[in-house]
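# Examination of the molecular architecture
Below, each chain spelled out in residue letters.
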Amino acid sequence: MGLHPAPPVGPGTPRQPRGLHLRHGPHGALLQLPGRVEPAPVPLAGRREPARRAGAGVNGGSRVVVVGGGVIGLSIAYHLAEAGVDVTLLERGTLGSGASRATADVVRSYFAGNPVSSALAVRSLQAYQAFPDRPGTDLPLRQVGYLILFTEPEQLSAFQADLPAQHAAGVDVRLITVEEARELNPLVGDDTPLLAAAYSPQAYISDTTAIVTAYAQAAEKAGAVLRTGCPVTGIDAQAGRIRTASGEIGADAIICAAGAWSASLVRCAGVDLPLTEPIEQELLTTDPLPPGTPDVPVTLHAATGLLIRVRDGRMLIGMGYPGADREAWRRDVAGRVAEVYPSLAELALHTAVTGLRDASPDRTAFIGHQPGPPAFLYATGFSGHGLCNAPAAGELVRDLYLDQDPGFDVTALAVSPRRTG
């Protein structure tokens, strides 16, 4: 999955639409959202719709409608509004109430074996670091680094094979010794077997709520309208109509950033994305840590997927997904914690947060453009990488909509046999 700059487009050069171009589906298909109770629409106290710019959308509607009010949708709304596009964002619940709520608040650039996500994350990290310079924003980023513990020769081989592509994507990551790893994270048990480790300093503890709030405020300041408590019940992509519980909206373009609820929405538009079923994420937290427990990097035990980081005097823990037998999974997590970090073995584990995530077969986002008018665009399948990819995703969707060079090979984000096979 190498990265290549987009070819230059000069005067007179025919521009080919980027991303995936697929067939239209039947008019008026309804979203099927099993297992979900739709919240009743509620008024947005304190919010008002700004005056429309010239060029408002078809049928008297918004020029662009973004479906989904998580960090991805808000980034898209902000970047489009800042570019002068009339934007309305529709969120079924409250802003950031989906996958953006079930996060470890970690912003990092290194995604092992996935240089495409890493490249998006490098670009996004740069945007996050510049965001606090905007007046009236407060976007905390505390650098802690990202440590990956290797216990098997195959893990080392895979890391070394992946390293050139990661460096080409702009990721700062290197192989370190066992001694260096234990110095970075003294909680790793003396008897825990290690062969080596990887370390990337480009990892930060942030606050997802602060990021959601900052993008929402910036989007509204730029002129976007944000409507919460407004679930989308169906779309007619060919006519540019979005059905909601409180009525229909017309648009020149519809953008799907609905996270775990994207599959039904893109099917309504006739787009065939191989999104897997939504996955429920659960993060655990320990009892308060003993006095003197060191602050450690975000640390991943590669063999088990055990991920830890310190939060508010406790350890926040993730390890894959719970599955059907949640209690068995929690026991497994407790056992892994005791093996890798013996000093934490006596601390009880509690649920910190749960939430649904979207997922793609290769854990890389799908970002693409079905031309119109009305157009249909999508940014989904982030597979837990959304917080790390959000700024870049917003920029890419903006550039696809405006037919501008995104400076990124977006074909790497489209559907292909390599990604689905």
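Summarised in this report is the structure supplied together with it. Only a predicted model underlies this, so the values are computations on that prediction, with no experimental measurement involved.

### What about the packing of helix 1 (residues 71–82) against helix 8 (residues 386–402)?
The N-to-C vectors of helix 1 and helix 8 enclose an angle of 40°; their axes lie 8 Å apart at closest approach. What the angle tells us is that helix 1 and helix 8 run oblique. Where helix 1 crosses over helix 8, the handedness of that crossing is right-handed. Here helix 1 contributes Val71, Ile72, Ser75, Ile76, His79 and Leu80 to the contact with helix 8, which in turn contributes Gly386, Leu387, Ala390, Pro391, Ala393, Gly394, Glu395, Val397, Arg398 and Tyr401. Residue classes in the contact of helix 1 with helix 8 are distributed as 10 nonpolar, 4 polar and 2 charged.

### Looking at the pairing of strand 18 (residues 366–370)
Counting buried residues along strand 18, 5 of its 5 residues qualify, which places the element largely inside the surrounding structure. Here strand 18 shows no split at all, with Phe366, Gly368 and Gln370 on one side and Ile367 and His369 on the other all buried. Bridge count for strand 18 against strand 19 (residues 375–380) is 5 bridges, and the pairing is antiparallel. Pairing of glutamine 370 across the sheet is with phenylalanine 376, part of strand 19. Linking strand 18 to strand 19, which pair antiparallel, is a turn of 4 residues.

### Remarks on unusual backbone geometry
Of note in this structure, aspartate 105 is not a glycine but carries a positive phi near 60°. Mapped onto the secondary structure, aspartate 105 falls in the loop between strand 2 (87–90) and strand 3 (106–108). Of note in the backbone geometry, aspartate 403 takes a positive phi value of approximately 60° without being a glycine. Residue class for aspartate 403 comes out partly exposed when judged on its relative accessible area of 41%.

Basis of the calculations
Residues numbered from 1 in each chain as written. Predicted model: local features only at pLDDT ≥ 70, side-chain atom pairs only at ≥ 80, totals over all residues. Heavy atoms only, no water. Axes fitted to C-alpha atoms, helices over the stretch in contact; angles between N-to-C directions. Helix = DSSP H or I, 4+ residues; strand = E, 2+ residues; numbered from the N terminus. Parallel < 35°, antiparallel > 145°, perpendicular 65-115°, else oblique. Left-handed = near helix turned anticlockwise from the far one by under 90°. Contact = heavy atoms within 4.5 Å. Nonpolar A, V, L, I, M, F, W, Y, C, P; charged D, E, K, R; others polar. Buried < 20%, exposed > 50% of the residue type's maximum accessible area, 1.4 Å probe, protein only. Pairing = 2+ DSSP bridges.

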